[in-house]
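Examining the three-dimensional arrangement
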Amino acid sequence: MKYVVMIFRSIDRTWTDEDQQALGRLMRLESELAASGELVSSEGLLPPEEGRIVQIRDGAQVVTDGPFGEAKEQLAGFYLVDVTDDAHAQAIAARVSAAVGDRVELRGTLVSA
């Protein structure tokens, strides 16, 4: 089953040496998960002000530049893993949480027939 481990970051934080160390820990974890065959994908994301909302309104594409909303946290990156069960997915999420020093969100993906 596939799971997404989502990493969040406060939007008002500046990059610190601890963040650089956390990035190193995440890169080592990524290598371990790739070696085990459990990593499907992993990416860091650009900040919200680099994003865009794309939607269709009245049959026409409308693109709105960021920033969006008043959220205090942003989705900063993710791991998509393919593991045997939920317990193992939780163990990986715990490792990601330990690497970044903060909570992460774990969600299973929808299975297509």
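Just above, that's the structure.
**Digging into the environment of W15**
With respect to the secondary-structure elements, W15 resides in the loop between strand 1 (2-10) and helix 1 (17-36). Exposure remark for W15: the relative accessible area of 51% places this residue in the exposed category. A C-alpha to C-alpha distance of 27 Å links W15 and A91, two positions 76 residues apart in sequence. A distance of 3.1 Å separates polar atoms of two side chains, one belonging to W15 and the other to Q20.

**Remarks on the sheet that holds strand 6 (residues 104-108)**
Sheet architecture is open: four strands sit in the order 2-5-1-6, paired in antiparallel fashion. Each edge of the open sheet carries a strand with a single partner, namely strand 2 (39-44) and strand 6. In this sheet, adjacent strand axes meet at a mean angle of 20 degrees when their direction is disregarded. Summarising the sheet, strand 2 and strand 5 (residues 73-82) pair through five bridges and their orientation is antiparallel. Paired with S41 across the strands is L80, a residue of strand 5. Against the sheet, helix 1 engages strand 1, strand 2 and strand 5, with an angle of about 20 degrees to strand 5. Here helix 2 (residues 86-100) sits on the sheet in contact with strand 1, strand 5 and strand 6, set at roughly 155 degrees to strand 6.

**Here's the deal with the pattern of salt bridges**
Evaluation of the coordinates by the stated rule reveals five salt bridges. One salt bridge in this structure joins D19 and R9, with 3.3 Å as the shortest N-O distance. Of this pair, D19 sits in helix 1 while R9 is found in strand 1, placing the two residues ten residues apart along the sequence. Exposure remark for R9: the relative accessible area of 15% places this residue in the buried category. In this structure, R25 engages E18 in a salt bridge whose closest nitrogen and oxygen atoms are separated by 2.7 Å. The partly exposed category is assigned to R25, whose relative accessible area is 26%.

**A look at the layout of surface pockets**
The space that makes up the largest pocket amounts to roughly 440 Å³. Along the wall of the largest pocket there are 22 residues; nearest its centre are I7, W15, L23, L26 and V100. The element best represented in the lining of the largest pocket is helix 1, accounting for seven residues. Tallied by class, residues from the lining of the largest pocket come to eleven nonpolar, four polar and seven charged.

Definitions and cut-offs
- Throughout, residues of each chain are indexed from 1 in the direction in which the sequence is written.
- Restriction of local features to residues with pLDDT of at least 70 applies here, the model being predicted, together with a cutoff of 80 or more for giving and counting side-chain atom pairs; totals for whole chains, interfaces and linings are based on all residues.
- Only hydrogens and water are set aside; all other atoms, that is, all heavy atoms of the structure, feed into the side-chain values.
- Numbering of helices and strands runs from the N terminus; a helix is a DSSP stretch of H or I covering at least four residues, while a strand is a stretch of E covering at least two.
- When accessible area is computed with a 1.4 Å probe and restricted to protein chains, residues below 20% of their type maximum are described as buried, those above 50% as exposed, and intermediate ones as partly exposed.
- In protein, a polar contact means a hydrogen-donor-capable atom and an acceptor-capable atom, both N or O and within 3.5 Å, with residues adjacent in sequence counting only if both atoms are side-chain atoms; elsewhere, any N or O pair within 3.5 Å suffices.
- Strands qualify as paired when DSSP identifies two bridges or more between them.
- Note on geometry: axes are lines fitted to C-alpha atoms, helical ones only across the stretch in contact, with angles between N-to-C directions running from 0 to 180 degrees.
- We call two residues in contact when some of their heavy atoms are within 4.5 Å.
- What counts as a salt bridge is simple: a side-chain nitrogen of Lys or Arg found within 4 Å of a carboxyl oxygen of Asp or Glu.
- Residues are called lining when one of their atoms sits within 4 Å of a cavity or pocket point, these points coming from a 1 Å grid over the protein atoms alone, where a cavity is a set in which a 1.4 Å probe fits but cannot get out and a pocket is an open set with protein on both sides within 12 Å along at least five of seven lines.
- Grid points are joined across faces, edges and corners, and a volume is the space filled by probe spheres set on the points.
- Residue classes follow a fixed rule: Ala, Val, Leu, Ile, Met, Phe, Trp, Tyr, Cys and Pro count as nonpolar, while Asp, Glu, Lys and Arg count as charged, and any other residue, Gly among them, counts as polar.

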